[in-house]
Amino acid sequence: WADAACRHGDRERADQLFERMGRALPAEPDEKEAYHVARAQEVHGSCLTAQGRPREAIPLLEAVERQYLTRPYSGVAIDVAYVRQILGSAYDRGGRPGDARRVLKQALDEFAAYAAEIHAPDNARLMNSRARWGLFLLNQGEPEEAERQFREVIAQDHGRNLDFTALAHGGTAQLALQRGDATAALRAS
C-alpha cells in the first residue's frame, strides 16, 4: 500500500504507511524474515529516492545491499543489481556523483552478466539499467557514451514500448538539443 501511495504521488499517505510498516518489521529478523524485511526497506528507499529524499534513502539502501550480500538468497545477484541501481540514483540525486558512477556501473555490469547468462540481450532489467546509466552519463557531460547506451536500448526495444525506452528517447532528444538540432530533438521526443 505504501508503494502504491508513493507511485500515485500521495507522499503523506506513503510516509504514514511506511512508518507503520517500519514499526511492524522485526528489529532482529530470523533467517526466513530477513529477505522480506530487506525487500520492504528496498521499496521504501526507492520511494524516498523518487520523492527527492535521497539522503533519507541512502542509509536504507546501503543496509539492504549489505543484507543481500551477506545472505544466501535465491536470485540474490539480481536483487543486488537492482538495489544498486536504486542506490546509484540516490547517490546521484544526493550529490555523490563518484559513488553514483561506481554503483550504477556495477549494476549495469551485473545486469549484463545476467542477460548474457540467460541469452537475452533485450532483457528488460538490462535495458532499464542502460537507460539510467545513459542519463547519468549525459548529466556528467559524457554524451558519446550516453548516446551509445540510448541507441542500444532503442534497438533492443523490439516494439515493446517500455518505459525505459521512453527514457532513452528523451535522452536522445536532450543530446540533439545540446547539438543544436531541434528537428532531431523533436523526432526523438
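Residues numbered from 1 in each chain as written. Predicted model: local features only at pLDDT ≥ 70, side-chain atom pairs only at ≥ 80, totals over all residues. Heavy atoms only, no water.

A.B. asks: An account of the pattern of salt bridges is requested, with residue identities and associated values reported.
C.D. replies: Any two side chains of opposite charge can pair if their charged atoms end up close together. Scanning all chains against the criterion turns up 14 salt bridges. For Glu145, the salt bridge goes to Arg148, with nearest N and O atoms at 2.9 Å. Of the two residues, Glu145 and Arg148 are both situated in helix α8 (residues 143-155); the distance of 3 residues between them amounts to about one turn of the helix. When its relative accessible area of 27% is taken as the criterion, Glu145 is described as partly exposed. Through salt bridges with shared partners, a single ionic network connects Asp15, Arg53 and Glu56. (Salt bridge = Lys/Arg side-chain N within 4 Å of Asp/Glu carboxyl O. Helix = DSSP H or I, 4+ residues; strand = E, 2+ residues; numbered from the N terminus. Buried < 20%, exposed > 50% of the residue type's maximum accessible area, 1.4 Å probe, protein only.)

A.B. asks: Describe the packing of aromatic side chains, listing the residues and the values that go with them.
C.D. replies: Counted by the stated rule, this structure contains 2 aromatic pairs. Between the aromatic rings of Trp133 and Phe136, the centroid separation amounts to 5.7 Å while the plane-to-plane angle is 20°, which identifies the pairing as stacked. Residue Trp133 and its partner Phe136 are both found in helix α7 (residues 124-139); the two are separated by 3 residues, about one turn of the helix. Like Trp133, the residue Phe136 is buried in the burial classification. (Phe/Tyr/Trp six-rings, centres within 6.5 Å; stacked < 30°, edge-to-face > 60°.)

A.B. asks: Hey, could you go over the state of the cysteines for me, with residue numbers and the actual values?
C.D. replies: Applying the stated criterion across every chain yields a total of 1 disulfide. A sulfur-sulfur separation of 2.1 Å characterises the disulfide bridge that pairs Cys6 with Cys47. A torsion of 110° about the S-S bond marks the disulfide between Cys6 and Cys47 as right-handed. In this pair, Cys6 sits in helix α1 (residues 2-7) while Cys47 sits in helix α3 (residues 31-50), placing the two residues 41 residues apart along the sequence. With relative accessibility at 14%, the residue Cys6 sits in the buried group. (Disulfide = S-S within 2.5 Å.)

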